[in-house]
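A look at the structure
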Amino acid sequence: MSLKDDILLELLTARDYVSGEFLAKKYNKSRAAVWKSVKSLEADGYKIDAVTNKGYMLTDSGTLLSAQCIGARLENDIDVIYYPEIDSTNNECKRLLADSKQGTFLVVADRQTAGRGRQGKSFYSPAGTGVYFSLVIRPRTQLKNAVTATTAASVAVCKAIERLTDIKPKIKWVNDVYVNGAKVCGILTEAITNFEEGIVDSVVIGIGINISTKDFPDSVEMAGSLNVNINRSALVAEVVNEMMKIAYVDYSTFIDYYRTHSMVIGKRIRFTQNGEACEATAISIDETGGLTVRLDSAEEITLRSGEITVRAI
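This report concerns the structure included in the present document. (Residues numbered from 1 in each chain as written. Predicted model: local features only at pLDDT ≥ 70, side-chain atom pairs only at ≥ 80, totals over all residues. Heavy atoms only, no water.)

**Details of the overall build of the chain**
- Along its length, the chain carries nine helices and 14 strands.
- For 313 residues, the compact-globule estimate of 2.2 N^0.38 gives 20 Å, and the chain sits close to it at 22 Å.
- C-alpha atoms of the chain, sized along the principal axes, occupy 80 × 45 × 35 Å.
- The buried share of the chain, reckoned over its 313 residues, is 50%. (Helix = DSSP H or I, 4+ residues; strand = E, 2+ residues; numbered from the N terminus. Rg over C-alpha atoms; globule rule 2.2 N^0.38 Å. Buried < 20%, exposed > 50% of the residue type's maximum accessible area, 1.4 Å probe, protein only.)

Right under this line is the structure:
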């Protein structure tokens, strides 16, 4: 890393002022080089308090996204790649995988020009008002087990929001996160399969969270934002930390949390089956995340995938 990166990491992890003398000795650089690096960080948008005989302290990085800010908060060794702007973080992950990038890694963008959601929908991703990121994990498992990632991702997002704010989010099956009746988070998971071995080699978990986004396009329905002051880098890191705790385990470790945060149980819903629109009442979520519904004929069936609409009673 460069001296600037080293100093940023020191400031991110410090609980008090860090002296220029300490930084110069630790990295075998001059005090002038340290001062220039601090000024360069300020030019990048970091707010740094400099006090004579005390040193430097990072005072506010809440609106900034950077690989360093995120990486310093991660509990696992994950390569973080940041872009001010990109077409889609999921697309970039797939490009990197095609170029044989190894290990677990995270792609983060301040803005997406072609953000994608489920069922071919777009995800509105303006700069500065949300977080848009994709985590690549390596489950090396059968596809039927790899699909746990999509449910686990909604749990990870909700836990992160609860930990960093006073908000109590809800989950609309399968994995949309809602606050006060509006969708604040979309999740798109894509499996990369090794056909020769018959296993899922990689799973790309794309997540977009609206923090303060307003003025959504007319094509975006039921969208909302957290509308809370939150450190964006901390939010990304917290979601990833929670995701890594449950990404490689089965449903039993998080299904109860998923159930208690469901916003559809007991509600009338509409879904499509075999090309036909159906209405039913959502009655439960089974042990593997399937949504059990009761049709108007009293027959009960379990939905395993698809899109539902919660109907007003």
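Structure shown, so let's carry the discussion forward.
**What about the pairing of strand E7 (residues 176-179)?**
- Covered by surrounding structure in E7 are Asp176 and Tyr178 together with Val177 and Val179, the residues of both alternating faces.
- Here strand E6 (residues 170-172) runs beside E7; their pairing, made up of three bridges, is antiparallel. Counterpart to Ile171 in the pairing with E7 is Val177.
- Hairpin connection of E6 to E7: three residues between the antiparallel strands.
- The pairing of E7 with strand E8 (residues 182-194) spans three bridges and is antiparallel. (Pairing = 2+ DSSP bridges.)

**Section: the packing of helix H7 (residues 148-164) against helix H8 (residues 232-246)**
- Across the interface, H7 lies against H8 with an axial gap of 8 Å and an inter-helix angle of 135°. Here H7 is positioned oblique relative to H8, judged by the angle of their axes. At the point where H7 passes H8, the crossing takes the right-handed sense. In this structure, H7 contributes Ala149, Ala152, Ala153, Val155, Ala156, Val157, Lys159, Ala160, Ile161, Arg163 and Leu164 to the contact, and H8 contributes Ala234, Leu235, Glu238, Val239, Glu242, Met243, Lys245 and Ile246.
- Classifying every residue of the contact of H7 with H8 gives 14 nonpolar, no polar and five charged. (Axes fitted to C-alpha atoms, helices over the stretch in contact; angles between N-to-C directions. Parallel < 35°, antiparallel > 145°, perpendicular 65-115°, else oblique. Left-handed = near helix turned anticlockwise from the far one by under 90°. Contact = heavy atoms within 4.5 Å. Nonpolar A, V, L, I, M, F, W, Y, C, P; charged D, E, K, R; others polar.)

**Concerning the nonpolar core**
- Formed by 66 residues in total, the largest nonpolar core has its most connected members in Leu106, Phe133, Ile207, Ile209, Leu235, Phe271 and Leu291.
- Here the element with the most residues in this core is H7; it accounts for nine residues.
- Non-local contacts of Phe133, meaning those with residues more than four positions away in its chain, are made with Thr89, Leu106, Val107, Val108, Ile205, Gly206, Ile207, Ile209, Val236, Val239 and Val240. (Core = buried A, V, L, I, M, F, W, Y, C linked by side-chain atoms within 4.5 Å.)

**A short note on helix H3 (residues 31-43)**
- Over its 13 residues, H3 runs 18 Å from end to end, which matches the ideal 18 Å to within 8%, given 1.5 Å per residue.
- Those residues of H3 that fall on the buried side of the exposure criterion are Val34, Ser37, Val38 and Leu41. Around the axis of H3, the buried residues are gathered within 100° of arc, so they sit on the same side. Facing away from the buried side of H3 by more than 90 degrees, the exposed set consists of Lys36 and Ala43.
- Two residues or fewer past H3, Gly45 is found with a positive phi of approximately 115°. (Expected span 1.5 Å × (residues − 1). Arc of directions from axis to C-beta.)

**Concerning the packing of aromatic side chains**
- Counted under the stated rule, the structure contains three aromatic pairs.
- Both rings, one in Tyr251 and one in Phe254, keep their centres 5.7 Å apart while their planes meet at 45°; by these two values the pair is tilted. Phe254 shares its class with Tyr251; the two are buried.
- The residue whose ring lies beneath Lys101 is Phe105, and the NZ or CZ to ring-centre distance is 5.3 Å. (Phe/Tyr/Trp six-rings, centres within 6.5 Å; stacked < 30°, edge-to-face > 60°. Lys NZ or Arg CZ within 6 Å of the ring centre and 35° of its normal.)

**Details of unusual backbone geometry**
- In this model, Trp173 is joined to Val174 through a cis peptide bond whose omega is 15°.
- Of note, Val174 is situated in the loop between E6 and E7.
- The phi dihedral of Asn28 is positive, around 55°, even though this residue is not glycine.
- One can find Asn28 in the loop between helix H2 (20-26) and H3.
- With a phi close to 85°, Ala298 is a non-glycine residue in the positive phi region.

**Some remarks on the sheet that holds E7**
- Here seven strands make up an open sheet; going across it, the order is E3-E4-E5-E9-E8-E7-E6 and the pairing mixed. Since the sheet does not close on itself, it has two edges, and those belong to strand E3 (79-83) and E6, each with one partner. If you compare each strand with its neighbour and ignore which way they point, the axes differ by 20° on average.
- Taken strand by strand, helix H5 (residues 89-98) contacts E3, strand E4 (105-109), strand E5 (130-137), E8 and strand E9 (199-210), and its axis lies near 140° from that of E4.
- Lying on the sheet, H8 is in contact with E4, E5 and E9; it crosses E5 at an angle near 30°.

**Topic: H7**
- The end-to-end C-alpha distance of H7 is 24 Å, a good match for the 24 Å that 17 residues give at a rise of 1.5 Å each.
- For H7, the tally of buried residues reaches 13 of 17 residues, placing the bulk of the element in the interior.

**Comments concerning the pattern of salt bridges**
- A full pass over the atoms with the stated rule returns 23 salt bridges.
- Note that Asp79 is salt-bridged to Lys101, the shortest N-O span being 2.7 Å. Within this pair, whereas Asp79 is found in strand E3, its partner Lys101 is found in the loop between H5 and E4, the two being separated by 22 residues in sequence.
- Judged by its relative accessible area of 36%, Asp79 falls in the partly exposed class.
- The residue Lys245 makes a salt bridge to Glu242 at a minimum N-O spacing of 3.7 Å. Placement of the pair is Lys245 and Glu242 together in helix H8, with a separation of three residues, close to one helical turn.
- A relative accessible area of 5% means that Glu242 is categorised as buried.
- Salt bridges sharing common partners tie together Arg163, Glu238, Glu242 and Lys245. (Salt bridge = Lys/Arg side-chain N within 4 Å of Asp/Glu carboxyl O.)

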